[in-house]
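Secondary and tertiary structure notes
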Amino acid sequence: AYSFSNLKLCGSHVGVSIGEDGPSQMGLEDMAVFRPIPGCVVLYPSDAFSAEACVESAARYQGLSYIRTTRPATPLLYSNTEPFPIGGSKVLRRGDGDAATVIAAGITVYEALKAHEELKKEEIGLRVVDAYSVQPLDKETIVREAARTGGRVVVVEDHFPAGGLGEAVAASLAGGARLVHLCVRELPRSGKPDELLAAYGISASHIVRAVKGLLQP
């Protein structure tokens, strides 16, 4: 950063979602390493097309950038023409009377979408935001969507509590919301990806529980 290097970095084994390789392979503090660096962009795509578009955005950017990629195969959410500009986000689900907003990135976007479907069965609306640009964050969209759901926000990320998406969102909302931060809060162990997402509190069922908790008086 101090020599204004035009350097692009990619982390490929991140979070408990990598599964059986175990904790020595799980990057759970990587966003906390890169977010504080002046001028460093942090992008966290969720599918193949968003990954390709984020690579293009990072390549066009003059300066440091870090792309956090997901190891497990993920379904396609976007088209190959969808732009992913630095500083943007995608609102994937939105409805009148949504009870809360869930903000996710990477692998947890899919858990948020599963939670949306589960809550829909109970006639509870859940707004889903893919915050693929972690640094700089799309503060305008996040503040707007949070306000439209009564300030009830759940952030879910496959990362330790410090320095990741949750802290970025909390700083953007500046105390103007009821925020639940779901993240990995202990040293993980080896297992299957779905088992680990559930064991460490960042699965769809935990999102559903967090949303229902926010609806309590």
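A short tour of the structure in this document, coming up. Bear in mind that the values here come from a model prediction, so they are computed numbers and not experimental data.

Remarks on the packing of helix H3 (residues 107–121) against helix H7 (residues 204–214)
- Contact pair H3 / H7: the axes reach a minimum separation of 8 Å and the direction vectors enclose 55°. In this view, H3 runs oblique relative to H7, as classed from their interaxial angle. Once H3 is placed against H7, the crossing between them reads as right-handed. Residue-level contacts link Glu-111, Ala-112, Lys-114, Ala-115, Glu-118 and Leu-119 of H3 to Ala-204, Ile-207, Val-208, Val-211 and Lys-212 of H7.
- Of the residues assigned to the contact of H3 with H7, the class counts are 7 nonpolar, no polar and 4 charged.

Quick word on the sheet that holds strand E6 (residues 126–130)
- Judged by pairing direction, the sheet is mixed, and its 5 strands sit side by side in the order E4-E6-E5-E8-E9 without closing on themselves. Among the strands making up the open sheet, the edge pair consists of strand E4 (90–93) and strand E9 (178–182). Averaged over all adjacent pairs, the angle separating strand axes in this sheet is 25°, with direction ignored.
- Pairing of strand E8 (residues 152–156) with E9 involves 5 bridges; the strand directions are parallel.

Quick notes on the pairing of E8
- Where burial is concerned, most of E8 is hidden: 4 out of the 5 residues are buried.
- Alignment of strand E5 (residues 100–104) against E8, held across 4 bridges, turns out to be parallel. Counterpart to Ala-104 in the pairing with E8 is Val-156.
- In this view, the connection linking E8 to its parallel neighbour E9 by way of helix H5 (residues 165–173) has right-handed handedness.

The rules we used
Residues numbered from 1 in each chain as written. Predicted model: local features only at pLDDT ≥ 70, side-chain atom pairs only at ≥ 80, totals over all residues. Heavy atoms only, no water. Axes fitted to C-alpha atoms, helices over the stretch in contact; angles between N-to-C directions. Helix = DSSP H or I, 4+ residues; strand = E, 2+ residues; numbered from the N terminus. Parallel < 35°, antiparallel > 145°, perpendicular 65-115°, else oblique. Left-handed = near helix turned anticlockwise from the far one by under 90°. Contact = heavy atoms within 4.5 Å. Nonpolar A, V, L, I, M, F, W, Y, C, P; charged D, E, K, R; others polar. Pairing = 2+ DSSP bridges. Buried < 20%, exposed > 50% of the residue type's maximum accessible area, 1.4 Å probe, protein only. Right-handed = clockwise from strand over helix to strand, strands pointing away.

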